[in-house]
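Residues per chain are reported as follows:
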Amino acid sequence: MQIIKRVGIAMAWIVGLAFVFAGVNHNDPYLVPLRGTGNLLLVVASVAVVLVLVCRGARRAWAGRLLVILWCLPPLAMLAAHGVFEVRMHRIMQTEPLLARSLGQHFIVGYRSFDEVAPLAESGLIAGIYVTGRNVAGRAVDALKAEIAALQAKRRAAGLPPLLVATDQEGGIVSHLAPPLTRLPALASLAELAPEERTAKAEEFGRIHGRELASLGVNLNLAPVLDLRPEATRNRFDFNTLTNQRAISDDPAKVSAIAGAYIHGLESAGVNATVKHFPGLGRVRADTHHFNADLDTPVGELEATDWRPFRDVLSTTGARLMVGHVAVSALDPARPASHSKAVIDGLIRKSWNYQGLVMTDDLVMGAIYQHDVCTAVVEALNAGVDLLLVAYDGAQFYRLFACASDAAGRDALDAAMLHDSQTRLKRSLAID
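Figured I'd write up the structure that's included with this text. Since the model is a prediction, treat every value here as computed from it, not as a measurement.

Let us look at the packing of aromatic side chains. Applying the stated criterion across every chain yields a total of 10 aromatic pairs. Here the aromatic rings of F107 and F401 are separated by 5.7 Å at their centres, their planes lie at 45°, and the arrangement is tilted. Placement of F107 in strand β1 (residues 107-110) and of F401 in helix α16 (residues 397-409) is noted, with a sequence separation of 294 residues between them. You'll find F107 and F401 in the same group, each marked buried. Counting every residue linked through ring pairs, the aromatic cluster contains F85, F107, F397, Y398 and F401.

Have a look at this one:
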């Protein structure tokens, strides 16, 4: 009986510390599932444990009193974390309009409710929104269509450019709006068809996606994937990237042909494509959603293989380019490509002469967010990135915008780079 009691006390300390950690890190992206109902359960559980401890006389001994105090801390920690978030949000919403629109044109954010994103849209603090499964779950497709239209109406009323409305509708396992939209097979399913047939089918897939997305008001599809299919079997620690299931082929020529045809179909319906995830994830074993990743292959070999589809497609279509959080060791081993000036300005802009839009992969991914995310935001803008994606947890937008705003306040942003980016963004909107 004594052993059971000691185990119970030990568990109370361990779980109590875990609850305090959850409260302190209330706003962390990894704890998104605990928000809402999870927060309520945390508070209720903490209060219940305190009551049980008090009723059992825990206050009589100093160890018991400390345990009671520990279990009082989770709700207080969560309240403090929420307070910090509210103060930051209020500060960002009060940003001077000219600065808000100047920096806001670089952000695309995910969201969970209309009321959450509408103030950002009509104040110019964002350039676009990212819609995914959570935005259609349990809703009629017309509800999302009406929501997007209402946000665009707010933009027009405020005299702002139309919102970029982005999603991930690749086909296969990444079909975030299917259902209600049509669930098409992955483009990889076309790789072994005869050349003319695969080109025709890929363009058909693009037209289907394009028509359905355009009917909703979505104008930017974060597809297709141009990573080469890896030779190795799946990494057991790859929980989200799953390149082996999403990549079209291990043959660069096939990837170029299928992706190019798909993009032409998508563009025929008025929806823009975004090719990803440069510099390529086919050789990368780590999952950048959670871990750092390095690409150690020589540039010459990458140009002949992994980068060939990117160069082919970017030169023959109007596609945008998404840059991932993989460090290219031969160009800039110190930072991921998504905020490397050597990669973005040196390679993509100058060597390749690509003057279209460049966007980051989601900045809420572990390879960025677990490090100095403020440095990543500032370096990305100074490197010539046009759009910063904050998809999985849109609430992180306030922290990332504060990083950019603070950098602007101390003149740490490159005015020439921002001017060039603004020119590209205006040209893109005019073409669209």
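Once the structure has been displayed, the description carries forward.
Across its 13 residues, α16 extends 18 Å between first and last C-alpha, which sits within 8% of the 18 Å expected from 1.5 Å per residue. Every buried residue of α16 is listed here: F397, Y398, L400, F401, A402, C403, A404, S405 and A407. In the stretch just after α16, D411 is the one whose phi turns positive, near 60°.

This brings us to the state of the cysteines. One pass over the full model with this rule turns up 1 disulfide. Between the sulfur of C374 and that of C403 lies a disulfide, 1.9 Å long from S to S. Because the sign of the S-S torsion sets the handedness, a value of about -70° for the bond joining C374 and C403 places this disulfide among the left-handed ones. Placement of C374 in helix α15 (residues 373-383) and of C403 in helix α16 is noted, with a sequence separation of 29 residues between them. A relative accessible area of 29% places C374 in the partly exposed class. Between C55, a cysteine without a disulfide, and C72, which holds the nearest cysteine sulfur, the sulfur-to-sulfur distance is 13 Å.

Here we take up the environment of P230. Relative to the helices and strands, P230 resides in the loop between β6 (220-221) and α9 (243-246). If we ignore the near neighbours within four places in the chain, the residues touching P230 are T243, N244 and G282.

On to unusual backbone geometry, then. For the bond from A178 to P179, the omega torsion is -10°, close enough to zero to count as cis. Relative to the assigned elements, P179 resides in the loop between β5 (174-175) and α8 (195-216). Following P179, the chain continues into P180 via a peptide bond in cis, with omega recorded as 10°. You can see P180 is positioned in the loop between β5 and α8. Even without a glycine there, the phi angle at N353 is positive, about 60°. Inspection of the secondary structure puts N353 in the loop between α13 (341-351) and β11 (358-360).

Per the stated rule, a full pass over the model turns up 20 salt bridges. With a shortest N-O distance of 4.0 Å, D414 and K341 are connected by a salt bridge. With a gap of 73 residues between them, D414 in the loop between α16 and α17 (415-431) and K341 in helix α13 connect regions that are remote in the sequence. Three or more residues are tied together by salt bridges with common partners; here these are D168, E170, R246 and K276.

Glancing now at the side chain of S338. Along the polypeptide, S338 turns up in the loop between β10 (327-328) and α13. On the basis of relative accessible area, S338 is assigned to the buried category, the value being 1%. A polar contact is formed between the side chain of S338 and the side chain of H325, at a distance of 2.8 Å. Those residues in contact with S338, other than ones at most four positions away along the chain, are V323, G324, H325, I344, T360, I368, A380 and V385.

Rules and cut-offs
- Residues numbered from 1 in each chain as written.
- Predicted model: local features only at pLDDT ≥ 70, side-chain atom pairs only at ≥ 80, totals over all residues.
- Heavy atoms only, no water.
- Phe/Tyr/Trp six-rings, centres within 6.5 Å; stacked < 30°, edge-to-face > 60°.
- Helix = DSSP H or I, 4+ residues; strand = E, 2+ residues; numbered from the N terminus.
- Buried < 20%, exposed > 50% of the residue type's maximum accessible area, 1.4 Å probe, protein only.
- Expected span 1.5 Å × (residues − 1).
- Disulfide = S-S within 2.5 Å.
- Contact = heavy atoms within 4.5 Å.
- Salt bridge = Lys/Arg side-chain N within 4 Å of Asp/Glu carboxyl O.
- Polar contact = N/O pair within 3.5 Å; in protein donor to acceptor, adjacent residues only side chain to side chain.

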